[in-house]
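Topology and contacts: notes
Read off the chains here:
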Amino acid sequence: MDVADLRVFEAVARHGSMNRAALELHTVQSNVTVRIRSLERQIGMPLFRRHARGVSLTPAGQRMLPYAMRIAKLVADAKTAALDEGAPSGPLSLGTLETTAALRLSPILSGFARRYPQVKLSLTTGTTCSLTADVTDCRLDGAFVAGPIDHPDLRCETISREELVLVTPRTMRSMKALSSMAGLQTIVFRLGCSYRQRLEALLAEMGIMTTSPLEFGSTDAILACVAAGVGITLLPRAIVSGTREKDAIAIHSLPPERAQVETLFIRRHDGYLSSAMHAFIDSARSEFGPVMAAA
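Note that the coordinates shown come from a computational prediction; the quantities given were computed from them, not determined experimentally.

In this section: the UniProt feature "domain: HTH lysR-type" (unreviewed entry) in the chain. Mapped onto the present numbering, the UniProt feature "domain: HTH lysR-type" (unreviewed entry) falls on residues 1-58. Helix and strand shares over residues 1-58 are 62% and 14% respectively, and the end C-alpha atoms of the span are 18 Å apart.

As structure tokens, this is what we get:
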């Protein structure tokens with residue numbers, strides 16, 4: 001078993017397709033198929049099930065995948081460490097919540113790009129659940145997520161504290177009106193979003209039934225639907241206060257135990273702290289001040 005075979009295995013698992021993995025790896029499908037079959041012979045177990053739509057992992061493949069990803073990351077870290085001298089440079093893959101990108105990251109990213117032009121920074125948006133998995137599984141070097149996070153492989157730093165508010169159409173003057181609405185619609189980010197989970201818990205505690213949620217990928221789309229009277233949502237007050245739909249919505253404060261949420265920056269404990277990552281963390285700490293502290 002060698003690193004190249006594991007890299008092919010990880011690409012096939014991620015794409016669910018030999019052909020798409022071959023395209024990413026700049027090779028032909030037959031070469032990918034040969035490598036996977038060779039790896040399966042070495043392991044002594046099938047790693048993929050073949051079907052009409054592509055391939056899917058067997059239980060053995062599912063158990064092996066995290067180790068393959070960590071080995072690939074360790075090899076990449078070794079190369080980065082060997083070349084990591086002088087000014088910060090090289091790739092840096094980060095993830096963020098949509099709300100954090102809108103509220104906090106613009107000054108950090110613009111300043112960082114000017115100061116360290118040799119760093120190839122990429123930014124992916126997602127939910128707390130998906131971003132945490134991406135960092136844990138070494139697909140991202142770090143990510144901004146909503147706390148709390150308790151994972152033995154992750155290091156967490158608090159970057160900001162936000163107040164969450166319930167956002168409703170303007171016609172809904174108080175939270176008491178929620179209980180009288182039939183077929184209440186929630187408008188949320190996709191499954192895995194911590195704000196969505198908090199909203200569902202709040203409504204369940206109030207004994208309020210809802211219909212299937214509407215899912216969107218941006219705060220602008222969510223707030224536009226609320227303003228149009230489609231339903232309700234839960235977002236940081238700082239996002240809602242500056243929206244262009246503020247005259248068409250109502251903002252409701254929550255009890256302190258429901259309202260407070262921390263935004264965290266997470267990264268793996270065992271990941272190599274490259275000069276690029278070190279410089280980015282220093283930039284974030286400089287921007288956020290004393291709030292950003294190791295947890």
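Quick look at the domain arrangement of the chain now. When cut into domains, the chain gives domain 1 (3-82), domain 2 (86-160 + 261-288) and domain 3 (162-260). Placing the centre of domain 1 and that of domain 2 at their C-alpha centroids yields a distance of 27 Å. Every contact between the two is made by seven residues of domain 1 and, on the other side, eight residues of domain 2. Summed over both partners, the interface of domain 1 with domain 2 buries about 700 Å², with 65% contributed by carbon and sulfur atoms. Applying the counting criterion to the domain 1 and domain 2 interface returns one salt bridge. Its salt-bridge partner being Lys73, residue Asp141 comes within 2.7 Å of it at the nearest N-O pair. Across the domain 1-domain 2 interface, the total number found is two residue pairs in polar contact (both at pLDDT 80 or more). Broken down by element, the side of domain 1 that touches domain 2 gets its largest block of residues, six residues, from helix 4 (residues 59-83). For the side of domain 1 that touches domain 2, the per-class residue count stands at two nonpolar, one polar and four charged.

Of note, Thr96 is situated in strand 3 (residues 90-96). The exposure class of Thr96 is buried, given its relative accessible area of 0%. Taking the C-alpha atoms as reference points, Thr96 and Thr125, 29 residues apart in sequence, are found 4.9 Å from one another. Not counting chain neighbours up to four residues away, the residues in contact with Thr96 comprise Ala101, Leu105, Leu123, Thr124, Thr125, Gly126, Leu131 and Phe144.

Another point: the packing of aromatic side chains. Overall, the coordinates contain six aromatic pairs when judged by the stated rule. These aromatic residues form a ring-pair network of at least three members: Phe112, Tyr116, Phe144, Phe265 and Phe280.

Our next topic: the pairing of strand 5 (residues 142-146). The element strand 5 is largely enclosed, with a buried count of five among its five residues. Side chains Gly142, Phe144 and Ala146 project from strand 5 onto one buried face, and the interleaved Ala143 and Val145 project onto a second face that is buried too. By the bridge criterion, three bridges tie strand 3 to strand 5 in an arrangement that is parallel. When the bridges of strand 5 are listed, Gly95 appears paired with Ala143. Two elements, strand 5 and strand 11 (residues 260-268), share four bridges in a ladder whose sense is antiparallel.

Rules of the game
Per chain, the residues get numbers from 1 upward, laid out in the order the sequence is written. Restriction of local features to residues with pLDDT of at least 70 applies here, the model being predicted, together with a cutoff of 80 or more for giving and counting side-chain atom pairs; totals for whole chains, interfaces and linings are based on all residues. Heavy atoms from the whole structure form the basis of all side-chain values; hydrogens and water molecules are not counted. UniProt positions are given in the numbering used here, feature names are shortened, and annotations may be inferred rather than shown by experiment. Strands here mean DSSP runs of E at least two residues long; helices mean DSSP runs of H or I at least four residues long; both are numbered from the N terminus. Domain start and stop points were drawn from an automatic or database domain assignment. We call two residues in contact when some of their heavy atoms are within 4.5 Å. Defined in terms of a 1.4 Å probe, buried area is the accessible area two parts forfeit on being brought together, summed over both. In the sections that follow, a salt bridge refers to a side-chain nitrogen of Lys or Arg positioned within 4 Å of a carboxyl oxygen of Asp or Glu. Whenever a nitrogen or oxygen atom comes within 3.5 Å of another N or O atom, the pair is scored as a polar contact, on the condition that within protein one atom can donate a hydrogen and the other can accept it, and that pairs from neighbouring residues in sequence are kept only if both atoms are in side chains. Residue polarity is assigned by list, with Asp, Glu, Lys and Arg as charged and Ala, Val, Leu, Ile, Met, Phe, Trp, Tyr, Cys and Pro as nonpolar; anything else, Gly included, falls into the polar class. Think of it in three bands: residues with accessible area under 20% of the maximum for their type are buried, residues over 50% are exposed, and the middle band is partly exposed, with areas taken using a 1.4 Å probe on protein chains only. Only Phe, Tyr and Trp rings take part, Trp by its six-membered ring, and two of them pair if their centres are within 6.5 Å. Stacked means planes under 30 degrees apart, edge-to-face means over 60, and tilted covers everything else. If DSSP finds at least two bridges between two strands, the strands pair.

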